[in-house]
Amino acid sequence: QVQLVESGGGLVQAGDSLRLSCTTSGLTFSSYTMGWFRQAPGKEREFVAALSWTSGTTYYADSVKGRFTISRDNVENRVYLQMSSLKPEDTAVYYCALRSRVSYISAPGSYDYWGQGTQVTVSS
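Residues numbered from 1 in each chain as written. Predicted model: local features only at pLDDT ≥ 70, side-chain atom pairs only at ≥ 80, totals over all residues. Heavy atoms only, no water.

**Re the pattern of salt bridges**
Here is step 1: A full pass over the atoms with the stated rule returns four salt bridges.
Here is step 2: Put simply, D90 and R38 hold a salt bridge, and the shortest N to O gap is 2.9 Å. Of this pair, D90 sits in the loop between β8 (78-83) and β9 (92-99) while R38 sits in strand β4 (residues 33-39), placing them 52 residues apart in sequence. With respect to class, D90 is no different from R38; both count as buried. (Salt bridge = Lys/Arg side-chain N within 4 Å of Asp/Glu carboxyl O. Helix = DSSP H or I, 4+ residues; strand = E, 2+ residues; numbered from the N terminus. Buried < 20%, exposed > 50% of the residue type's maximum accessible area, 1.4 Å probe, protein only.)

**Quick word on the nonpolar core**
Here is step 1: Counting 32 residues, the largest nonpolar core has W36, L81, M83 and Y94 as the members making the most contacts within it.
Here is step 2: Listed by contribution, the elements that provide at least two residues to this core are β3 (18-25), β4, β5 (46-52), β7 (68-73), β8, β9 and β11 (118-123). (Core = buried A, V, L, I, M, F, W, Y, C linked by side-chain atoms within 4.5 Å.)

**Observations regarding the environment of A97**
Here is step 1: When you line up the elements, A97 lands in strand β9.
Here is step 2: Residue class for A97 comes out buried when judged on its relative accessible area of 0%.
Here is step 3: When sequence neighbours within four positions are dropped, the list of residues in contact with A97 reads L4, T33, M34, G35, F37, Y111, Y113 and W114. (Contact = heavy atoms within 4.5 Å.)

Written out as structure tokens, the structure reads:
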């Protein structure tokens, strides 16, 4: 029923910018959190950013704070991740996810629904 679809990934050079989008459908919740996570080969899935849909409050991992911005489009029911000053270490598959209950906002296990992911590759 709930569907999350990411788009916007690609191959860029270090220092470039990229904007990821997550389009949602089938949502029936009164309040929820949208999150962005990433996973590089051989690494754990890592929290990147999150947004409380009802309040608009945002949260960021220390590794991306000041470079990435999470935002929403209330009309289109989309969440975005604007990435700037990209580094090779940002290379990963990026996932959007939805949390429907209160729990640790940075823990992957707290989220109920996930998109399929979009690849971001940053060359040096």
